[in-house]
Amino acid sequence: MATQYSSFPTHSQGKPFPSTPLRASTAQDKPLRGRAHRLFHEWEQLAAFVEQRSDIAMQVVDATPEGIPTAYSIDYFIKCICGVNVDGSPVFAHEFRMEIKLPERYPQVDAMPCFRFVGGTLPWHPNIGYHGELAGRVCVNMPDTHASLAWAVERIALYLRYELYHAMPEPPYPEDLKVAYWVRTQGEPNNWIYYDQD
C-alpha cells in the first residue's frame with residue numbers, strides 16, 4: 001500500500017509538507033539533534049515499513065514547525081473480530097483506523113506514544129480497549145524507549161490477526177477484561193479466534 005501524506009501540516013514558511021522523508025535536516029539545513037533526530041528516524045522507518053505492506057496505509061496528521069511528524073493515522077486492511085453476536089460468535093470487519101500521537105517529551109520513558117483505534121469500528125481484542133473510557137486504546141507493551149513506531153504498528157497488525165494476544169487475568173493485564181474473558185471462555189474453546197485471513 002502506498003504511503004499517503006496529507007497536505008496538512010505545512011512548514012512554517014508555508015511550503016507544502018514533504019511527501020517522503022527527504023533528509024535529516026531542518027529547513028535551514030542544520031543537522032537534526034535530540035528529539036527531532038529521533039522523530040525523523042521514526043518517520044523514515046515507519047514510511048519504509050508501510051511501503052512494503054499491502055494491508056497497511058499511513059498518513060501524517062500533525063508535525064513540528066520543521067515538518068517532522070508527531071502524529072499519524074494508520075489504516076489497517078486486515079480481517080479482525082469487531083464484536084460478538086448474542087450467541088457469542090464473532091462478527092468481523094476488514095478496515096480499522098488507528099491514531100498514533102507522540103507526546104511532547106517523547107521518547108522519554110515517561111512519555112510513551114499513544115496508540116488508539118478511532119471511528120465506528122473497533123477491534124475486539126483483549127489488548128485493545130473496547131468498552132468505556134478506554135475504548136480504542138492499545139496496550140502495546142513496548143519493551144523500552146528504543147522500540148520503534150514501525151515495530152509497534154507491525155505488532156498491532158499481529159493483534160488484529162489474533163496471532164498475538166494476552167487474555168489471562170495476570171500481569172501484564174489485558175486492556176479489556178470483558179474481551180479477555182470472552183477469548184478464554186468462548187473464543188479459544190470454539191476456535192473462533194483462529195480464523196483464516198482472506
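Preceding this paragraph is the structure being described.
Throughout what follows, the structure given in this document is the object of discussion. This is a predicted model, so every value here is computed, not measured.

## Re the overall build of the chain
In terms of helices and strands, the chain carries 3 helices and 6 strands. Secondary structure of the chain in N-to-C order comes out as α-β-β-β-β-β-β-α-α. Classification of the 198 residues of the chain by burial places 47% in the buried group. Within the chain, residue pairs in contact and separated by at least 24 positions form 54% of the contacts whose partners lie at least 6 positions apart.

## Re the sheet that holds strand 1 (residues 56-63)
The strand order across the open sheet formed by 4 strands is 1-2-5-6, and the pairing between neighbours is antiparallel. Only two strands of the sheet have a single partner each, and these edge strands are strand 1 and strand 6 (114-118). Sheet twist, expressed as the mean angle between neighbouring strand axes with direction ignored, is 25 degrees. Where strand 2 (residues 69-76) lies against strand 5 (residues 96-101), 6 bridges are found, and the strand directions are antiparallel. Paired with A71 across the two strands is K101, which belongs to strand 5. Contacts between helix 1 (residues 34-51) and the sheet are confined to strand 1 and strand 2, with strand 1 contributing the most and set at about 155 degrees to the helix. Against the sheet, helix 2 (residues 149-160) engages strand 1, strand 2, strand 5 and strand 6, with an angle of about 25 degrees to strand 2.

## A short note on the nonpolar core
Grouped together as the largest cluster of nonpolar side chains are 48 residues, with contacts concentrated most on I74, Y76, M98 and F117. Secondary structure elements with two or more residues in this core: helix 1, strand 1, strand 2, strand 3 (80-84), strand 5, strand 6, helix 2 and helix 3 (177-187). Top contributing element to this core by residue count: helix 2, with 8 residues. Aside from chain neighbours lying at most four places away, what touches Y76 is D55, I56, H94, E95, F96, M98, F117, V153, I156, A157 and L160.

## Structural notes on the environment of D62
Structurally, the position occupied by D62 is in strand 1. Note on D62: relative accessible area 34%, which makes it partly exposed. Measuring from C-alpha to C-alpha, the distance between D62 and Y72 comes to 7.0 Å, with 10 residues separating the pair along the chain.

## Regarding the side chain of D75
Tracing the sequence through the fold places D75 in strand 2. Since its relative accessible area comes to 13%, D75 is described here as buried. Reaching out from D75, the side chain makes a polar contact with the side chain of R97 at a distance of 2.6 Å. Apart from the residues lying within four places of it in its own chain, the contact partners of D75 are D55, I56, A57, F96 and R97.

## A word on helix 1
An ideal rise of 1.5 Å per residue puts 26 Å on 18 residues; helix 1 measures up with 26 Å between its terminal C-alpha atoms. Looking at helix 1, one finds that the buried residues are R38, L39, F40, E42, W43, L46, A47, F49 and V50. If you follow the buried residues of helix 1, they end up packed against strand 1, strand 2 and helix 2.

Quick notes on the rules
- Residues numbered from 1 in each chain as written.
- Predicted model: local features only at pLDDT ≥ 70, side-chain atom pairs only at ≥ 80, totals over all residues.
- Heavy atoms only, no water.
- Helix = DSSP H or I, 4+ residues; strand = E, 2+ residues; numbered from the N terminus.
- Buried < 20%, exposed > 50% of the residue type's maximum accessible area, 1.4 Å probe, protein only.
- Contact = heavy atoms within 4.5 Å.
- Pairing = 2+ DSSP bridges.
- Axes fitted to C-alpha atoms, helices over the stretch in contact; angles between N-to-C directions.
- Core = buried A, V, L, I, M, F, W, Y, C linked by side-chain atoms within 4.5 Å.
- Polar contact = N/O pair within 3.5 Å; in protein donor to acceptor, adjacent residues only side chain to side chain.
- Expected span 1.5 Å × (residues − 1).

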